[in-house]
Amino acid sequence: MNRNCAEMNIVKTIGVVGAGQMGAGIAQLAAVNGFDVWLLDLDPISLSRATKSITNSLQRFLSKGQISQAVMSDALKRLHCTMSLEDFGSADFVIEAIAESEVAKRKLFVELDKITKSSAILASNTSSISITRLASATSRPSQVIGMHFMNPPPIMELVEIIRGADTSVEAFNATKTLAERFGKTVVCSKDYSGFIVNRILMPMINEAFFTLYTGVATKEDIDAGMKLGTNQPMGPLELADFIGLDVCLSILKVLHGGLGDTKYSPCPLLVQYVDAGRLGKKSGVGVYDYRDASKSSKHAAKL
């Protein structure tokens, strides 16, 4: 085993790129589990929001007795926010969690390849984009891997690991070990569009949109039917709002383009909602309207 391979198995510092819901959740997981974490975003507001979100999340775990005050305090001390990739020079493992855009991810991987030390593993939290193509943007394709967390990362038990065409056994083993350190169950997928979870989930969500689009049933009955009829905790339209309709559309486009099957063609209603800016819970309205619920909860909090 060469020096780089040996160093891959020793992960002390983790870099997370993207301070959105996924990136913040991954950073929280890493910090709670004893790693020094650099959380990067170019938007200071996003970083501030992420820090607040992580603190609130840890406080909820504390109130439920799932972590101690010491664990929470230590985790927050290990969390460092930055707006500069230069701070990733010490990272042993980097997890990218930016927007689901291949162009943006490839550009980021080019920069990470230049800045990080040669032994660092570069992982993508992509939910559908080819790991092989992302790896080809770097000089270290053997150290590029997919590490797809489910949303929200601190709660969901699964991590999907995807090996690109050149991903080494050493990089895979180090990534699997890291996921297990996070307390996750690992499933492994080959590098095909959508991997396991989204290849199955997104056609179901898309079909739910077609069911609504063609007037078969109301959104409430579609979701109630799937929740009560198939024992799912959340209906497919409600889940789509939680994921983000723009994310669902992006994944369906990757599936359609990568697999060439018309069954992955996005429903026109989903496309229309995204075009209208109805992106789900994050925008306040998607299939469902969350704006009144938000006002109600704020009002209730004041009473």
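Residues numbered from 1 in each chain as written. Predicted model: local features only at pLDDT ≥ 70, side-chain atom pairs only at ≥ 80, totals over all residues. Heavy atoms only, no water.

Student: Hey, could you run me through the overall build of the protein in this one?
Tutor: Looking only at helices and strands, one finds 13 helices and 8 strands in the protein. The C-alpha radius of gyration computed for the protein amounts to 20 Å, which stays within 12% of the reference 19 Å derived for 303 residues, consistent with globular compactness. Projecting the C-alpha coordinates of the protein onto the three principal axes gives extents of approximately 60 × 55 × 35 Å. The buried share of the protein, taken over its 303 residues, is 48%. The contacts of the protein with a sequence gap of at least 6 include a subset with a gap of at least 24, amounting to 67%. Of the charged side chains in the protein, 32 are positive and 30 negative, and the gap between their average positions amounts to 4 Å. (Helix = DSSP H or I, 4+ residues; strand = E, 2+ residues; numbered from the N terminus. Rg over C-alpha atoms; globule rule 2.2 N^0.38 Å. Buried < 20%, exposed > 50% of the residue type's maximum accessible area, 1.4 Å probe, protein only. Contact = heavy atoms within 4.5 Å. Lys, Arg positive; Asp, Glu negative; His and termini not counted. Charge placed at Lys NZ, Arg CZ, Asp CG, Glu CD.)

Student: For this particular structure, what's the right way to read the nonpolar core?
Tutor: A general feature of soluble globular proteins is that nonpolar side chains tend to end up buried together. Counting residues in each nonpolar core, the largest one holds 41 residues, and the members touching the most others are Ile 14, Leu 39, Phe 93, Met 147, Phe 149 and Phe 182. Of the residues forming this core, the biggest block, 7 residues, is contributed by helix α2 (residues 21-32). With residues near it in sequence (within four places) discarded, Met 147 still touches Phe 93, Ile 95, Ala 123, Ser 124, Asn 125, Val 159, Glu 160, Thr 175, Leu 178, Ala 179 and Phe 182. Listed in part, the 25 residues of the second largest apolar core include Leu 239, Ala 240, Tyr 264 and Tyr 290. (Core = buried A, V, L, I, M, F, W, Y, C linked by side-chain atoms within 4.5 Å.)

Student: Would you mind showing me how to read the state of the cysteines here?
Tutor: Here a disulfide denotes a covalent bond joining the sulfur atom of one cysteine to the sulfur atom of another. Under the defined criterion, the tally for this structure stands at 0 disulfides. Free of any disulfide, Cys 248 has its nearest cysteine sulfur in Cys 267, 12 Å distant. For Cys 248, a relative accessible area of 0% gives the class buried. (Disulfide = S-S within 2.5 Å.)

Student: What is the right way to read the pattern of salt bridges from this model?
Tutor: When charged atoms on two side chains of opposite charge get close, those side chains can pair. Evaluated as defined, the whole model comprises 10 salt bridges. Between Lys 117 and Asp 92 there is a salt bridge whose closest N-O contact spans 2.6 Å. A residue pair is termed long-range when its members are at least 10 positions apart, and Lys 117 in the loop between α5 (102-115) and β5 (121-124) and Asp 92 in the loop between β3 (79-82) and β4 (93-96) qualify at 25 residues. Of the charged contacts, one joins Lys 114 and Glu 111 as a salt bridge, the two residues approaching to 3.7 Å between their closest N and O atoms. With a gap of 3 residues between them, Lys 114 and Glu 111 both fall in helix α5, about one helical turn apart. On the basis of relative accessibility, which here comes to 62%, the residue Lys 114 falls in the exposed class. (Salt bridge = Lys/Arg side-chain N within 4 Å of Asp/Glu carboxyl O.)

Student: Would you explain the domain arrangement of the protein in this entry?
Tutor: Accessible area lost when the parts come together is the quantity often used to give the size of an interface. Entries for the protein in the domain assignment read domain 1 (13-190) and domain 2 (200-283). When each unit is reduced to the centre of its C-alpha atoms, the spacing between domain 1 and domain 2 is 27 Å. The partner domain 2 presents 4 residues to the 7 residues of domain 1 that form the contact. Surface buried jointly by domain 1 and domain 2 totals about 470 Å² across both partners, of which 61% is contributed by carbon and sulfur atoms. Among the residues domain 1 hides against domain 2, the three largest losses belong to Glu 100, Ser 128 and Asn 151. Together they make up 64% of the total. Joining domain 1 to domain 2, the criterion identifies 0 salt bridges. At the boundary of domain 1 with domain 2, the tally comes to 1 residue pair in polar contact (both at pLDDT 80 or more). In the side of domain 1 that touches domain 2, the residues fall into 2 nonpolar, 4 polar and 1 charged. (Domains from an automatic or database assignment. Buried area = accessible area lost by both parts, 1.4 Å probe. Polar contact = N/O pair within 3.5 Å; in protein donor to acceptor, adjacent residues only side chain to side chain. Nonpolar A, V, L, I, M, F, W, Y, C, P; charged D, E, K, R; others polar.)

Student: I tried to follow the UniProt feature "binding site: CoA" (unreviewed entry) in the protein on my own but got confused; where do I start?
Tutor: Mapped onto the present numbering, the UniProt feature "binding site: CoA" (unreviewed entry) falls on Ser 57, Lys 64 and Ser 127. Sequence-wise these annotated residues cover 71 residues; spatially they are dispersed, their C-alpha atoms as much as 30.6 Å apart. Along the chain, Ser 57 falls in helix α3 (residues 44-63). Engagement of the side chain of Ser 57 in a polar contact is seen with the side chain of Gln 28, the distance being 3.0 Å. Mapped onto the elements of the fold, Ser 127 is located in the loop between β5 and α6 (131-135). Residues in contact with Ser 127, not counting those within four places in the same chain, are Glu 100, His 148, Gly 194, Phe 195, Asn 198 and Ile 251. (UniProt positions renumbered as here; feature names shortened; annotations may be inferred.)

Student: Any chance you could explain unusual backbone geometry here in plain terms?
Tutor: With the exception of glycine, most residues fall at negative phi, and the peptide bonds are largely trans. Following Asn 151, the chain continues to Pro 152 via a peptide bond in cis, the omega torsion being 0°. Relative to the elements of secondary structure, Pro 152 occurs in the loop between β6 (144-149) and β7 (158-163). One non-glycine residue, Asn 231, lies in positive phi territory at about 60°. Relative to the helices and strands, Asn 231 resides in the loop between α9 (219-230) and α10 (236-243).

Student: Teacher, can you tell me more about the sheet that holds strand β8 (residues 185-189) here?
Tutor: Backbone-to-backbone hydrogen bonds pair the strands of a sheet. The strands run either parallel or antiparallel. Spatial ordering of the open sheet is given by β3-β2-β1-β4-β5-β6-β7-β8, a layout of 8 strands whose pairing is mixed. Every other strand in the sheet has two partners, leaving β3 and β8 as the edge strands with one partner each. For this sheet, the mean inter-axis angle between neighbouring strands, taken without regard to orientation, is 25°. Against the sheet, helix α4 (residues 69-78) touches β2 (36-40) and β3, its axis set at about 30° to β3. (Pairing = 2+ DSSP bridges. Axes fitted to C-alpha atoms, helices over the stretch in contact; angles between N-to-C directions.)

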